[in-house]
Amino acid sequence: ISGPGPQSAGHCGPRIFQASALVVRPRQRIHREDVGAAIAAHQPVIALESTVIAHGLPYPQNVELAQAMEAEVRSQGAVPATIGVVAGVPTIGMNEAQIRHFAQAEGIREAIAARYCCGCCR
């Protein structure tokens, strides 16, 4: 996603952000089961950007890097949570299939609106 966030400055309420034909619903979100369990247990969860997968490196190096980053986080005793907007829904802890899709698909947009992140992380 790119472009401006909500019009009211500082607002983190339930807004729908639209950039071209992509719609994101910040109040809806999905997280991988192990990520949800770690959050509930107050264990460390490390957020990893999906931008490096979709825009940083060519396939298959992007998948290899994503796997290596998640493995490094696990080796340090934390749970990795690669973040991305999958089918319009903020996803915290993308699964292997979602990471591979981001790595190979054309036209993945970058979610950069700070206010969107605020609404997503509540």
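Above this text sits the structure in question.
Residues numbered from 1 in each chain as written. Predicted model: local features only at pLDDT ≥ 70, side-chain atom pairs only at ≥ 80, totals over all residues. Heavy atoms only, no water.

1. Side note on the pattern of salt bridges
To keep things clear, this is the line we draw: The salt bridge definition used is simple: a Lys or Arg side-chain nitrogen within 4 Å of an Asp or Glu carboxyl oxygen. Note on exposure labels: buried denotes an accessible area under 20% of the residue type's maximum, exposed denotes more than 50%, and partly exposed covers the range between, all computed with a 1.4 Å probe on protein chains only.
Counting across every chain of the model gives 3 salt bridges. As a salt-bridge pair, R32 and D34 come within 2.7 Å of each other at their nearest N and O atoms. With a relative accessible area of 18%, R32 lands in the buried category. Note that R100 is salt-bridged to E96, the shortest N-O span being 3.3 Å.

2. Some words on the environment of V35
Short version of the rule: Per the convention used, a helix needs a DSSP run of H or I reaching at least four residues, while a strand needs a run of E reaching at least two, with both numbered from the N terminus. By definition in these notes, contact holds between two residues if any of their heavy atoms fall within 4.5 Å.
In this fold, V35 is placed in helix 1 (residues 33–40). As for V35 and I92, which are separated by 57 residues in sequence, their C-alpha atoms are 7.5 Å apart. Sequence-distant contacts of V35, that is, excluding residues within four places in its chain, are made with V45, V79, P80, A81, I92 and G93.

3. With respect to the pairing of strand 6 (residues 89–92)
Look at any regular strand and the pattern is simple: side chains alternate between the two faces of the sheet. Just so we agree on the cut-off: Strand pairing is defined by DSSP finding a minimum of two bridges between the two strands.
The alternating pattern of strand 6 places V89 and T91 and P90 and I92 on opposite faces, both of which are buried. As paired strands, strand 3 (residues 30–31) and strand 6 are joined by 2 bridges and run parallel to one another. Along strand 6, the bridge assignment pairs H31 with I92. Note that strand 5 (residues 79–86) and strand 6 share 4 bridges and pair antiparallel. Bridge pairing links G84 to T91 in strand 6.

4. Focus: unusual backbone geometry
For the bond from Y59 to P60, the omega torsion is 5°, close enough to zero to count as cis. Of note, P60 is situated in the loop between helix 2 (51–56) and helix 3 (61–75). With phi around 60°, H42 is a residue other than glycine that occupies positive phi space. Within the fold, H42 resides in the loop between helix 1 and strand 4 (45–49). The class of H42 is exposed, set by a relative accessible area of 75%. For A87, which is not glycine, the phi torsion reads 55° and is therefore positive.

5. Observations regarding the sheet that holds strand 4
For clarity, the threshold we go by: The axes are straight lines fitted to the C-alpha atoms, using for helices just the contacting stretch, and the angles between their N-to-C directions are given from 0 to 180°.
Here we have 4 strands laid out as an open sheet, ordered 3-6-5-4, and mixed in their pairing. Each having just a single partner strand, strand 3 and strand 4 make up the two edges of the open sheet. Where helix 1 meets the sheet, it contacts strand 3, strand 4, strand 5 and strand 6, and its direction lies at approximately 120° from that of strand 5. Its contacts with the sheet put helix 3 on strand 4 and strand 5, and the angle it makes with strand 5 is roughly 145°.

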